[in-house]
Amino acid sequence: MDKLKSLLKKNDGILTASEANAVGISNERLRLLVKDGSLERVAHGVYASRDVLLDKMYIFQKRRPKLIYSHETALFLHNLTDRDPINYSVTVPRGYNNKSLIKDGLTVFSLKSDLYKKNIVTMETVFGHKVYVYGLERTICDCIRSRNQMDIAVVTQALKQYSKRKDKNISLLMRIAGEFEITKILRGYMEVLL
């Protein structure tokens, strides 16, 4: 129980079966702890103490460490939109099994591995948990690249908000746009806003 309490404290009240197994707590023990009410099973392979507020973004991240929050969800985390995402948008490497993510209600984008890995940062959810999200400029480029799959009003508002920010990095934005081959499209938007 001491190992379990220590692990729960370290992980803000949430742990995965693999984290528990790594410190000698078996899956059978986890099952028994759920049965006696000490733990709650919140997702496949993810457990939480009974007193913790459940943070869905954090739970999805714990369960599937390869997913990166992107598009509308990243805009929300970067304060570029005030719309709280109904379905979280995530990006995974091409070849990742998307079916279970879609079944869980996530909007899924996939990219080849070299582009998937670029410009990942860690940010806090509204509950204070750290999750992986694409950086500010990368998020703008993702939204431009996927503009036909998104609400254009959200994209336009995000670009307006970005153009007003003091922490914007136009040279990084243009470099990422070049990698995604959307430089011409992005310039058209930015010329109007800047």
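Report on the accompanying structure. (Residues numbered from 1 in each chain as written. Predicted model: local features only at pLDDT ≥ 70, side-chain atom pairs only at ≥ 80, totals over all residues. Heavy atoms only, no water.)

### Brief notes about the layout of surface pockets
Step number 1: Taken as a whole, the largest pocket holds about 200 Å³ of empty space.
Step number 2: Around the largest pocket, the lining residues are Glu72, Thr81, Arg83, Asp84, Pro85, Ile86, Asn87, Ser89, Asp151 and Val154.
Step number 3: Taken together, the residues that form the lining of the largest pocket break down as 3 nonpolar, 3 polar and 4 charged.
Step number 4: Its volume calculated, the second largest pocket comes out at about 170 Å³.
Step number 5: Thr16, Glu19, Tyr58, Gln61, Lys62, Pro65, Lys130, Val131 and Tyr132 together form the lining of the second largest pocket.
Step number 6: Residue assignment for the lining of the second largest pocket shows that the elements contributing at least two residues are helix 4 (56-63) and strand 8 (130-134).
Step number 7: Grouping the constituent residues of the lining of the second largest pocket by class yields 4 nonpolar, 2 polar and 3 charged. (1 Å grid on protein atoms, 1.4 Å probe; cavity = no way out; pocket = protein on both sides within 12 Å on 5 of 7 lines; lining within 4 Å. Points joined across faces, edges and corners; volume = space filled by probe spheres on them. Nonpolar A, V, L, I, M, F, W, Y, C, P; charged D, E, K, R; others polar. Helix = DSSP H or I, 4+ residues; strand = E, 2+ residues; numbered from the N terminus.)

### Overview of unusual backbone geometry
Step number 1: The phi angle at Asn119 is positive, at roughly 65 degrees, despite the residue not being glycine.
Step number 2: With respect to the helices and strands, the residue Asn119 is situated in the loop between helix 7 (113-116) and strand 7 (120-124).
Step number 3: The backbone phi angle of Glu181 is positive, close to 60 degrees, even though this residue is not glycine.
Step number 4: Relative to the elements of secondary structure, Glu181 occurs in the loop between helix 10 (170-179) and helix 11 (183-193).

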